[in-house]
Amino acid sequence: MAAMGFSAIIVAAGSGERAGAGLAKQWRPLAGRPMLRWSAEALSMAGAARIVIVVAEGMEAAAAAAVSGLPACAVARGGDTRAKSVVAGLEALCADADSIVLVHDAARPFLGPGHIEALLAAIEAGADGAVPALPVADTLKRRNEAGAVVTISRSELWRAQTPQAFRHGALLAAHRGWRGPGEPTDDASAVEAGGGRIVLTPGDPLLMKVTWPEELAMAERWAVGTRTTRVGQGFDVHRFGPGQGLWLCGVWIAHTHALIGHSDADAGLHALTDALLGAIGEGDIGEHFPASDPQWRNASSDRFLTHAACLIASRDGRIVNVDLTLICEWPKIGPRRQEMRGRLATLLGLDITRVGVKATTTEGLGFTGRGEGLAAQAIAAVEMPA
Ligand code: CTP
Ligand code: MG
């Protein structure tokens, strides 16, 4: 978390033409998440007080969906140049003139907390603008008017990246005061033109702007490499006793018996909770919700499952899919299977296609075969930071 307060603008109103036909690059999935979301998450985790996402007309709902669950995000309509989109974002922010604002390209998905801290520190130290910049490593060539190739010195040249940091009022004034030629291609250009002092902070190859199709493929490979998949499994048994029904996978089933247990005895949810906890090395359900603790008596097991899901989310993890097998002679699961999948999907915030519920009998054998109890086993795959 950055020490100083700041807001952020993510410009995402471009058409991404150079990256090829189809969905504009900022909406394309990177390791399963829209490119735009990568920046929004990084800014949010670094402590941005507000984040305005600037998008083209008609993309407002897509933007809201792309940043769903992230706090303090708003969406604004952009313009037909990057500079106009930035001005739209600054106006939508309605921030104090003195407050710090970071302007970032949605097409640069891999920013991290270190980049942000360096920029904030430069502004706090008195700079009018701060820009991550990389020295040019390649030899630079120019084709002159006669068609001959000549080499130009790279010794004073830098590649400017984003995010770039400014005081809100000064940046808005600089953009409004821009007299050309053309439009500024980054925000520091506008501030420089007004006489502002720009400080360069260390750039990073990871702050690359995805521009060409090959870079989309590179970004995907990097994004996938930053995540790892883990699996966990869980198993639970509860005995049948007198009653009129039972909870299974968060669904009430009227029945000739009940399942007996300290909580609501939902063996399906218990097995699944253990699978999720197992996937992140977090012990088991009994450690988190001890049976000796009276507050969990008759507790709805929904909360055990959502607790495990929250632990995963708090570590920047995501559940990939879950799969459950219920082992019993009765009740019959088939007629309620879809309802159970739907309930689990809702509790875990997953699409129903990522939730499996299956059932089997044990052909009359063993304790489940004799109808003494019901068993559940679960497996879960989660994707975590590598
Ligand atoms: N951008 C914007 N509004 C515009 C143009 C660009 O918000 N009118 C944003 C883009 O969405 C991108 C960033 O500015 O996040 C940098 O621009 P660029 O890489 O040039 O993206 P595009 O303009 O979308 O791509 P292209 O130039 O290839 O069409
Ligand atoms: Mg462009």
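Residues numbered from 1 in each chain as written. Chains lettered and ligands numbered in written order. Predicted model: local features only at pLDDT ≥ 70, side-chain atom pairs only at ≥ 80, totals over all residues. Heavy atoms only, no water.

**Q** An account of the domain arrangement of the chain is needed here, citing residue identities and associated values.
**A** Domains assigned within the chain are domain 1 (7-225) and domain 2 (227-385). Taking only C-alpha atoms into account, the centre of domain 1 sits 44 Å from that of domain 2. Across the contact, six residues belong to domain 1 and four residues belong to domain 2. Together, the buried faces of domain 1 and domain 2 total about 380 Å²; carbon and sulfur atoms form 36% of this surface. (Domains from an automatic or database assignment. Contact = heavy atoms within 4.5 Å. Buried area = accessible area lost by both parts, 1.4 Å probe.)

**Q** Help me get a handle on a nonpolar patch on the surface, residues and values and all.
**A** Taken together, the side chains of F235, V237 and F367 define a hydrophobic patch exposed on the protein surface, amounting to about 250 Å² of accessible area. On the secondary structure map, F235 appears in strand 13 (residues 227-242). (Patch = residues over 30% accessible without salt bridge, like charges linked within 9 Å, V, L, I, M, F, W, Y side chains within 5 Å. Areas by Shrake-Rupley, 256 points an atom, 1.4 Å probe, with all protein chains shown as cover. Salt bridge = Lys/Arg side-chain N within 4 Å of Asp/Glu carboxyl O. Helix = DSSP H or I, 4+ residues; strand = E, 2+ residues; numbered from the N terminus.)

**Q** Report on the nonpolar core, specifying residues and quantitative values.
**A** L248, L276, I319, L326, M340, L344 and L348 are the most contacted members of the largest nonpolar core, which has 42 residues in total. When residues of this core are traced back to their parent elements, those giving at least two are strand 14 (245-248), strand 15 (251-254), helix 8 (267-279), helix 10 (302-314), strand 17 (318-327), helix 11 (337-348), strand 18 (355-360) and strand 19 (373-385). Of all hydrophobic cores here, the second largest spans 31 residues; its members include I51, L70, A122 and A165. (Core = buried A, V, L, I, M, F, W, Y, C linked by side-chain atoms within 4.5 Å. Buried < 20%, exposed > 50% of the residue type's maximum accessible area, 1.4 Å probe, protein only.)

**Q** Which residues make up the layout of surface pockets, and what values do they have?
**A** Of the pockets and cavities examined, the largest pocket occupies roughly 900 Å³. Surrounding the largest pocket, 33 residues form its lining, R33, R37, E41, G317 and R318 being those nearest its centre. Elements supplying a minimum of two residues to the lining of the largest pocket: strand 3 (33-34), helix 1 (35-45), helix 2 (60-66), helix 10, strand 17 and helix 11. A breakdown of the residues in the lining of the largest pocket according to their chemical character gives 17 nonpolar, seven polar and nine charged. When we break the lining of the largest pocket down by domain, the ones giving at least three residues each are domain 1 (7-225) and domain 2 (227-385). Of the voids in this model, the second largest pocket is the one considered here, and its volume is about 730 Å³. Residue lining of the second largest pocket: 29 residues in total, with G14, R18, K25, R82 and K209 positioned closest to the centre. (1 Å grid on protein atoms, 1.4 Å probe; cavity = no way out; pocket = protein on both sides within 12 Å on 5 of 7 lines; lining within 4 Å. Points joined across faces, edges and corners; volume = space filled by probe spheres on them. Nonpolar A, V, L, I, M, F, W, Y, C, P; charged D, E, K, R; others polar.)

**Q** Outline the environment of H115, supporting the account with residue identities and numerical values.
**A** Position of H115 relative to the elements: it lies in helix 4 (residues 113-124). The spatial distance from the C-alpha of H115 to the C-alpha of G69 is 24 Å, given a sequence separation of 46 residues. Discounting chain neighbours no more than four positions away, the residues touching H115 are F110, D204 and L207. One polar contact links H115 to D204, side chain to side chain, over a distance of 2.9 Å. (Polar contact = N/O pair within 3.5 Å; in protein donor to acceptor, adjacent residues only side chain to side chain.)

**Q** Account for the packing of aromatic side chains, naming residues and giving values.
**A** Summed over the entire model, instances satisfying the criterion amount to six aromatic pairs. Seen in terms of ring centroids, W247 and W252 are 5.5 Å apart; in terms of plane orientation they differ by 65°. Their pairing is edge-to-face. The exposure class assigned to W252 is partly exposed, which follows from its relative accessible area of 41%. Within the aromatic cluster, the residues linked to one another by ring pairs are F289, W296 and F304. (Phe/Tyr/Trp six-rings, centres within 6.5 Å; stacked < 30°, edge-to-face > 60°.)

**Q** Before we move on, can you summarise the side chain of H255 with the specific residues and values?
**A** By the element assignment, H255 lies in the loop between strand 15 and strand 16 (257-260). Other than its neighbours up to four places away in sequence, H255 contacts G243, Q244, G245, L246, W330 and P331.

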